[in-house]
Amino acid sequence: MASLASAKRLVVKIGSALLVDRDSGALRANWLKSLAADVAAFKSRGMDVILVSSGSIALGRGALGLPMSELSLEQSQAAAAVGQIRLARAYEEALEPHGIKTAQILVTLEDSADRRRYLNSRATMETLLSLSVTPIVNENDTIATDEIRYGDNDRLAAQVAATIGADQLVLLSDVDGLYTANPAEDATAQHIANVDVIDDAVMAMAGDAGSGLSKGGMKTKILAARIATEAGCAMAITLGSALNPLERLQDGTQATWFTAKMTPKAARKQWITMMKPRGSVTLDAGAAKALAGGKSLLPAGITATDGAFERGDPILMLGADGRELGVGLSRYTAAETAKIMGKRSDEIEAVLGYEGRAALIHRDDMALNDRTTT
């Protein structure tokens, strides 16, 4: 069974019902302070932590005096616009005493569906983590409509975990895990501590229970678990209402853990390998050797390019003899690649007229053939 203590990169999802008092619409400040203390403790051990937080609409609703009943789309977006400021400020004030800087990242479903936006958001989060900043991620409810919504932050959290290669995801919820049936309706329902395979039987156990502030029932959590585990990320569902919820989970409080079958790195390689290439670049001997040594592909090592690919598209990497070395996600279009191939990274801005990225394909965005790495 997975253990929170072993996590290297952790994503934590916080539901509205945990963060905002249902009756008053006010922030549960003491609870948030305890969560901040947990985050600080984990970060002090070298763990990366990303928070995916609901709460902007709930906080904005309270500030605007809107009713607890279902809001119109326009009312929800207005509440989100007011609440996002309060949500970001609340996390900043809770984490700042621990010396932790925060950043707000607002996303929609389109941002992960579009590979260009996906690469941008991934690069931003990776840079923030390298600077020891804790990203606070939320769906951009001020602009999102049904067509571009995740609809719940459970699946958003799972997508974030997959995007940044997290090895563990925790859904802090109003339930302590998965049961064989709804325990509120069936006294014989049994708690399930560990799930190795998410099959039809597991899906059948999921009900749609949720609080007045939360849209995510158990089904959305199981779907999130499927996304996370397929990306190599173990996931836990646990009760989050008590103080210091992450510390309690680490100490063995009741939860359901969903097992990942591979590492995030292996899962990402598998995902990239399954993509259909939109073009190719040919490498010189030096670049091919650098790839085998675990390096990124720089424009200086490219001798030819083929195809009409866009930024974020998968492209083949070919050796000088035409042998396929692997596939990777390009950080430049085909037209840009043709201009900068053979150039040093410090020459890119002069050639393109704007500052670009040093690597054409970052080492984290490529899957090499087995022979390439031997």
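Relevant structure appears above.
All of these numbers come straight from a predicted model, not from anything done at the bench. (Residues numbered from 1 in each chain as written. Predicted model: local features only at pLDDT ≥ 70, side-chain atom pairs only at ≥ 80, totals over all residues. Heavy atoms only, no water.)

J.: Before we go on, may I ask you to explain the layout of surface pockets in this structure?
T.: Gaps left between atoms show up when a probe the size of a water molecule is rolled over them. If you add up the space inside the largest pocket, you get close to 1,000 Å³. In terms of lining, the largest pocket is formed by 38 residues, of which the most central are Pro 264, Lys 265, Arg 268, Lys 269 and Asp 364. Of all elements in the fold, only α5 (109–113), α6 (115–130), α7 (153–163), α9 (218–230), α11 (264–273) and β15 (366–368) reach the threshold of two or more residues within the lining of the largest pocket. The biggest single contributor to the lining of the largest pocket is α11, with 8 residues. Grouping the amino acids of the lining of the largest pocket by side-chain chemistry returns 15 nonpolar, 8 polar and 15 charged. (1 Å grid on protein atoms, 1.4 Å probe; cavity = no way out; pocket = protein on both sides within 12 Å on 5 of 7 lines; lining within 4 Å. Points joined across faces, edges and corners; volume = space filled by probe spheres on them. Helix = DSSP H or I, 4+ residues; strand = E, 2+ residues; numbered from the N terminus. Nonpolar A, V, L, I, M, F, W, Y, C, P; charged D, E, K, R; others polar.)

J.: Quick question: what am I supposed to make of the pattern of salt bridges here?
T.: Close approach of charged atoms allows side chains with opposite charge to pair. The full count for this structure, using the stated rule, is 10 salt bridges. Among the ionic pairs, Asp 154 bridges to Lys 13, the shortest N-O distance being 3.1 Å. Linking Asp 154 in helix α7 with Lys 13 in strand β1 (residues 9–14), this pair joins segments that are 141 residues apart in sequence. Residue class for Asp 154 comes out buried when judged on its relative accessible area of 0%. Note that Asp 365 is salt-bridged to Arg 268, the shortest N-O span being 2.3 Å. Note that Asp 365 is positioned in the loop between α14 (348–352) and β15 and Arg 268 in helix α11, a separation of 97 residues in sequence. (Salt bridge = Lys/Arg side-chain N within 4 Å of Asp/Glu carboxyl O. Buried < 20%, exposed > 50% of the residue type's maximum accessible area, 1.4 Å probe, protein only.)

J.: What am I meant to see in the sheet that holds strand β14 (residues 324–329) here?
T.: What links the strands of a sheet is backbone hydrogen bonding, and the strands pair in either a parallel or an antiparallel sense. Spatial strand order, β12-β11-β13-β14-β15: 5 strands in an open sheet with mixed pairing. Each edge of the open sheet carries a strand with a single partner, namely β12 (302–307) and β15. Looking at each pair of strands side by side, their axes are set apart by 20° on average, direction ignored. Sheet topology note: the strand β11 (residues 279–283)/strand β13 (residues 314–318) ladder contains 3 bridges and is parallel. Bridging from a neighbouring strand, Ser 280 pairs with Leu 316 of β13. (Pairing = 2+ DSSP bridges. Axes fitted to C-alpha atoms, helices over the stretch in contact; angles between N-to-C directions.)

J.: Explain helix α3 (residues 56–64) here, please?
T.: Think of an α-helix as 3.6 residues a turn; residues three or four steps apart then line up on the same face. Among the residues making up α3, those that are buried are Ser 56, Ala 58, Leu 59, Gly 60 and Arg 61. Structurally, α3 contributes buried residues whose contacts are with α1 (16–19), α4 (73–95) and β4 (134–139). Gly 65 lies just past α3 and shows a positive phi near 70°. (Contact = heavy atoms within 4.5 Å.)

J.: Is there a simple way to explain the pairing of β13 in this structure?
T.: A regular strand places its side chains so that they alternate between the two faces of the sheet. Most of β13 is tucked away: 5 of the 5 residues are buried. The alternating pattern of β13 places Pro 314, Leu 316 and Leu 318 and Ile 315 and Met 317 on opposite faces, both of which are buried. Across 5 bridges, β13 lies against β14 in antiparallel orientation. Within β14, the position partnered with Met 317 by the bridge is Gly 326. Counted along the chain from β13 to the antiparallel partner β14, the turn is 5 residues long, and its residue Gly 322 has a positive phi close to 90°.

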